[in-house]
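# Structural overview
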Amino acid sequence: MLARFLRRWSIKTKLMLGMAACLLLFILVSAALSVSLTGRTMRERVVGHELPAVVGEIGNDVLRQIGAPLTASLAVANNTFLVEWERAGLDEAGIDAWRAYAGKVKEMNQAVTVFWASPTQLKFLDHGGLSYMMEKGNPRDAWMDAFLATGKPYELNLDPDPKTGEMKLFINTRVDAGDGKLAVAGLGLSVQQMAETVRGYTVGESGYVFLARPDGRIVLHRDAALSDGQHKVVDLPGYSPELVAQLMKQEQFASAVHDTAQGRQIVAASYLPQLDLYVIAEVPESEVLGELARSTLLASLVAGAIGGGIGLVVIFLISRAIAAPVARAAAMLGEIAEGKGDLTR
């Protein structure tokens, strides 16, 4: 049936349709390859250069946000008058001076509290003075011995306030008063306030950022309910243990992709050794590559349409140039067959 249908067409029409079909196939293959190769190149550029730059900038901003309170905590811990006061047993005569100093540090750093914890005197002081007496073996006060046992100069710890129970981010700094006397000083920051700061970071249109510890516990997240010290990165949708291990390798930058109900996500992590924290950013792949793919496809189709139009004109001229002599030869053969042909032509 197809053969009979094709026989109805002239040689010129067949040539035009055949070459037009080849041209269309070439345009479609070229557009597909262009979108694929351009998308791959763009993804490598985004993941290898642009995303690290964005995450690095956010990391630097986080360092600025927490760096100032950390510097203030270290200043409290190394204050020679306070160290001497600790060595002297934190007598009542120094309470007023401590209260004035701690209040000023709290105001300057917009902290929720400024504290001094003494395992020798079992006193926990805040900016208001003596907050409460600590107890050996009390789980409420276990954080102090645990921190001092690490030997670290400082750490960030998300814990409930011993007095109010409100979740706060504590910057604990080690105090060495000499003669084996140790203490912990630092600042407490509002998790809600810092969560709002972290929530303000965006990557793309809907991408977001959160902070996590090397053990996977989330420190700050745009969802304040996740910033309770109990939730881990592996508990988030799409974050498998393998994905978390791939991201948390204490590298300056690491990236991966994972699938969620909202589509494929690009995840990037940057380790901040100064704070022993990870900045983790997540952005939908469609936001990074979707618009580019659409633009590339549109450009390819427009270029194909223009090239195809020019190609059709060329095909028409070539097919006519080929078909015209063939048609004349066929006419001559027909005349010869009828006995009317002129063999001198």
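Residues numbered from 1 in each chain as written. Predicted model: local features only at pLDDT ≥ 70, side-chain atom pairs only at ≥ 80, totals over all residues. Heavy atoms only, no water.

### Description of the overall build of the protein chain
Formally: The way it works is that DSSP assigns letters per residue, a run of H or I at least four long becomes a helix, a run of E at least two long becomes a strand, and they are numbered from the N terminus. The classification of residues rests on relative accessible area computed with a 1.4 Å probe and restricted to protein chains. Under 20% of the type maximum is buried, over 50% is exposed, and intermediate values are partly exposed. The criterion used for residue contact is that any of the two residues' heavy atoms lie within 4.5 Å. Accessible areas in this description were obtained via Shrake-Rupley with a 1.4 Å probe; residue shielding takes into account the shown protein chains only.
When its secondary structure is counted, the protein chain shows eight helices and 11 strands. Counting the 345 residues in the protein chain, one finds 39% classified as buried. Look at the contacts in the protein chain between residues 6 or more apart in sequence, and 52% of them connect residues 24 or more apart. Entry remark: accessible area of the protein chain is about 18,600 Å², with carbon and sulfur atoms responsible for 60%.

### What about helix H3 (residues 80–87)?
Stated formally: Each C-beta atom gives one direction from the helix axis, and the arc is the one those directions make. For this analysis, a polar contact is any N or O atom pair within 3.5 Å, provided that within protein one partner can donate a hydrogen and the other can accept it, and provided that sequence-adjacent residues contribute only side-chain to side-chain pairs.
All of the buried residues along H3 are Leu82, Val83, Trp85 and Glu86. For H3, the buried positions fall inside an angular range of 160° around the axis, keeping them on one side. The outward face of H3, more than 90 degrees from its buried face, is lined by the exposed residues Thr80 and Phe81. Sitting at the amino-terminal end of H3 is Asn79, which places a side-chain oxygen 3.0 Å from the backbone nitrogen of Phe81. Directly after H3, the chain includes Gly89, whose backbone phi takes a positive value near 100°.

### Looking at the side chain of Arg213
Filter applied, for reference: Charge assignment: positive for Lys and Arg, negative for Asp and Glu; neither His nor the chain ends contribute. For this analysis, a salt bridge means a side-chain nitrogen from Lys or Arg found within 4 Å of a carboxyl oxygen belonging to Asp or Glu.
Of note, Arg213 is situated in the loop between strand E7 (208–212) and strand E8 (218–220). Although Arg213 is buried, it makes no salt bridge; Asp215 carries the closest opposite charge, 5.1 Å away. Looking at Arg213, its side chain comes within polar contact range of the main-chain oxygen of Leu156, at 3.2 Å.

### Some points on the pattern of salt bridges
Inspection of every chain in the model, using the stated rule, returns six salt bridges. Close ionic contact of Asp96 with Arg99 constitutes a salt bridge, the shortest N to O distance being 2.8 Å. Pair noted here: Asp96 and Arg99 are both in helix H4 (residues 95–109), with a separation of three residues, about one helical turn. Judged by its relative accessible area of 34%, Arg99 falls in the partly exposed class. Of the charged contacts in the structure, one is a salt bridge between Arg264 and Asp259, with a shortest N-O distance of 3.1 Å.

### As for the pairing of strand E10 (residues 263–272)
Convention followed: Each pair of strands is called paired provided DSSP finds at least two bridges between the two strands.
The buried fraction of E10 is high, at eight of 10 residues. What sits between the antiparallel neighbours strand E9 (residues 254–260) and E10 is a turn of two residues. Relative to strand E11 (residues 277–284), E10 runs antiparallel, the two being bridged by eight bridges. Among the inter-strand pairings, Ser270 is bridged to a residue of E11, identified as Val279. The turn joining E10 and E11, which pair antiparallel and follow one another in sequence, is formed by four residues; a positive phi near 55° is taken by Asp276.

### Focus on the sheet that holds E9
Whenever strands of a sheet pair, they do so through backbone hydrogen bonds, lying parallel or antiparallel. In plain terms, the rule: Between N-to-C directions, angles cover 0 to 180 degrees, with each direction set by a line fitted to C-alpha atoms, over the stretch in contact for helices.
Spatially, the five strands line up as an open sheet ordered E8-E7-E11-E10-E9, and their pairing is antiparallel. Each edge of the sheet is formed by a strand with only one pairing partner; in this case those strands are E8 and E9. Taken pair by pair, the neighbouring strands of this sheet meet at an average axis angle of 35°, ignoring direction. Where E7 meets E11, five bridges bridge the pair, whose relative direction is antiparallel. Opposite Phe210, over in E11, you have Ile280 as the bridge partner.

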